[in-house]
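Observations on chain architecture
Chain residues, written in single-letter form:
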Amino acid sequence: MSPAQRPASPQNHRIIASLLLALAACACTVLVEGRLDDGPAVHCDEHNVHLSRELDTGTCHTVPGERFTVHLDEYSPQNRAVVQFSPAPTPHRILAELELAVEAGGRISFAMPDLPVPTGSRIRVQIQGRHAPAAFSGHFEVGWMSLLATLDGEGLVSLWLAGVSPGEPPRLFGRIPSGESDGPDDELVFSPAGRHLVAGAPAHPGRGLPPAEAQAGGRTLRLLSVFGRRRLATLEDTGGIDAVAFQEATSVTPARLVWARRDPQTGRWRLVAGELEEDGLGPVVTIGEAQDFLLPPRLVSAFGDVYVIARDHLADWQRPQPAAAQGTFWLVTPELTASALSCDAALGLGGDDLQPLDLIPVDHPEQGRIAVVSCASAAFPPAPSPASHEVVARWVRWESSLPRVQDAWAPFGVITPRIPVGWSLPPRPGPGGLALLGTVPAPGSDVPGPILVAPGPEGSVEVDASSLGNTGLRALLVDPGTLLVYVPETWRADPQSPPGPTLLVGRRGAPGWSFGLHSRELRHAIPWSEPVLLLANPHNMIQSTLDDFTAGLPGALFTPSACVHAVLKPSYR
């Protein structure tokens, strides 16, 4: 028998098996159509650890939500480890921290959290013993990418990896047919952890209608797995995409999806929850102790918790008349009960007639966990005098699931005849910065547009967007000195007709704000990397500055497909 035909000896088998095991320990893994396959071995500046990963990016880059399994070269019998995430150039500045069990063989598993650093940053992941830090220690480093999700008018979600290197176009990561679509009204929302998406329309789709005039029935939402690239569940008769939120797992309770669902018997809205499972959604249960609602409430994911913002008062204000009942914020507990939080407690102010308006959590790179909390009241003088709505907002610290008032962060707000419906913030927000108040016209008024609110002596500016028509508006604070208000091309009464002005651009100068009208086809806009925006038009998505876009320049192609909505992870831009 020739050497080529001779069977391998048992010793050779052992050598081959040892080599294969060594290669497997160093290799990354990639999720391909729902299964884990071996990917290329990429060394990520690893020290005393070996990695298994969920994605194969071909480089040491990751996105929020990707799962890592870390194999420790050295470890002690103790069963807890601390995993810290920090910028690689400044490893002492901890951005996030996890405490995890050390599994058999020295294995630790976790999903990459959504960190407050811009795309392109380098992240250091440090692992050490919980009770005896010197017992074992290791680290690795990864680059920070963005995960872009786009939604077209047929309900198809496309996932893109972006920001591996400057100027490189994004790479298509996968597609998810999300099912039944509400067309141009559909939106996307990422879970805070980045592992799930919800697709669907709000109960009132932003076309100038307050919730009191929303459709009587509910909206259909689709729950999607980002890394599994499939639809997990369809939710019927919901309060819309702004009435859904994610609750993080605790040591004794699972991760859950919480949403408002319409009761077919009463027509009112109740809070329900289902456990988030790998292959779907667990049994749906009703959350006790929370009231039912006349209008769909707004739900907010706030640092692992779910807060519910009652909006029943908007039905009364639209009539117009004083609110029939005092509204409140509700905290959904891990035990699936609801705990009430009044406006005066949240803001540190008195006022029996305050109604909850909004809550926006911000994971700030210097301040840590903070949030904007806001409430509003209304006064109705005899006709023909218009109603007056007073909005009060305040930055607060977030501690142990509750807002904590800081004396240094004074309240700010505005008084307006328009009905306030919620806030939006510019990229990299923080205390003392500009904010944008969304409004709908009050009865007897047809002037649409948001309100720019700056804490301090600068005050507020009511934006008149009536030149864009009354078909509905979207508004974006591009930066602290630039506002973009636009009519999505798909929202026009006749998208085929030649448009009039479709964009209103506001700029902050020495004498105040100035505004100019422009005509460009636009469906959706999101900040990308200052001063560049991602701009979805009827044909594709481009990256461009606002100056170039309004000047008619074509911009650089970002993705070749058109979409009606897009969202980005990480949240920090």
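Every chain is numbered independently, its residues counted from 1 as its sequence is written. Where local features are concerned, this predicted model is filtered to residues with pLDDT of at least 70; where side-chain atom pairs are given and counted, the filter is 80 or more; whole-chain, interface and lining totals use all residues. Side-chain descriptors were evaluated using all non-hydrogen atoms of the structure, hydrogens and water having been removed beforehand.

1. A short note on a negative patch on the surface
- Note on patches: the residues involved have over 30% relative accessible area and no salt bridge, like charges join within 9 Å, and the nonpolar side chains Val, Leu, Ile, Met, Phe, Trp and Tyr join within 5 Å. All accessible areas in this document rest on Shrake-Rupley with a 1.4 Å probe, and a residue is counted as covered only by the protein chains that are shown. For salt bridges, the criterion is a side-chain nitrogen of Lys or Arg within 4 Å of an Asp or Glu carboxyl oxygen. When charges are counted, Lys and Arg are positive and Asp and Glu negative, with His and the chain ends excluded. Charge positions are represented by NZ for Lys, CZ for Arg, CG for Asp and CD for Glu. A cluster of acidic residues, Asp344, Asp352, Asp353 and Glu390, forms a negative patch on the protein surface.
- Each helix is a run of H or I in the DSSP string that is no shorter than four residues. Each strand is a run of E no shorter than two, and both are numbered from the N terminus. Structurally, Asp353 is set in the loop between helix 3 (343-347) and strand 26 (355-364).
- Judged by its relative accessible area of 46%, Asp353 falls in the partly exposed class. Each residue's exposure class comes from its accessible area (1.4 Å probe, protein chains only) as a fraction of the maximum for that residue type: buried when under 20%, exposed when over 50%, partly exposed otherwise.

2. A closer look at the state of the cysteines
- Here, two cysteine sulfur atoms that lie within 2.5 Å of each other are counted as a disulfide. Tallied over the full model, the rule gives two disulfides.
- Shown here is the disulfide that connects Cys44 with Cys60, its sulfur atoms set 1.9 Å apart. Sign of the S-S torsion, about -90° for the bond between Cys44 and Cys60, identifies this disulfide as left-handed. Taken together, the positions of Cys44 in the loop between strand 2 (35-38) and strand 3 (49-53) and Cys60 in the loop between strand 3 and strand 4 (61-62) put the pair 16 residues apart, joining distant regions of the chain.
- Here Cys343 pairs with Cys375 through a disulfide, and the sulfurs are 2.1 Å apart. Disulfide Cys343-Cys375: the torsion about the S-S bond is -95°, which places it as left-handed. Linking Cys343 in helix 3 with Cys375 in strand 27 (residues 368-379), this pair joins segments that are 32 residues apart in sequence.
- Residue Cys343 is classed as buried on the basis of its relative accessible area, which comes to 2%.
- If the cysteines joined by disulfides in the protein chain are listed in sequence order, their pairing comes out as 1-2, 3-4.

3. Let's talk about the nonpolar core
- By nonpolar core we mean a set of buried residues, namely Ala, Val, Leu, Ile, Met, Phe, Trp, Tyr and Cys, connected to one another through side-chain atoms within 4.5 Å. Grouped together as the largest cluster of nonpolar side chains are 26 residues, with contacts concentrated most on Ile108, Phe110 and Phe140.
- Broken down by secondary-structure element, the contributors of at least two residues to this core are strand 3, strand 5 (67-72), strand 6 (80-87), strand 7 (96-101), strand 8 (107-111), strand 9 (122-129) and strand 10 (137-144).
- Beyond its immediate chain neighbours, meaning those up to four positions away, Phe110 contacts Glu66, Arg67, Phe68, Val70, Val83, Phe85, Leu98, Leu100, Val125 and Phe140.
- The next biggest cluster of nonpolar side chains, apart from the first, holds 25 residues, and it includes Trp409, Val414, Ala435 and Val440. We call two residues contacting when some pair of their heavy atoms lies within 4.5 Å.

4. Some details on the sheet that holds strand 37 (residues 503-509)
- Whether two strands pair depends on DSSP finding at least two bridges between them. If you trace the four strands from one edge of the open sheet to the other, you get 35-36-37-38, paired in antiparallel fashion. Only two strands of the sheet have a single partner each, and these edge strands are strand 35 (474-479) and strand 38 (512-518). If you compare each strand with its neighbour and ignore which way they point, the axes differ by 20° on average.
- In this structure, strand 37 lies alongside strand 38, joined through seven bridges in antiparallel fashion. Bridge pairing links Leu504 to Leu517 in strand 38. Axes here refer to lines fitted to C-alpha atoms; in helices the fit is confined to the stretch in contact. Angles between the N-to-C directions go from 0 to 180 degrees.

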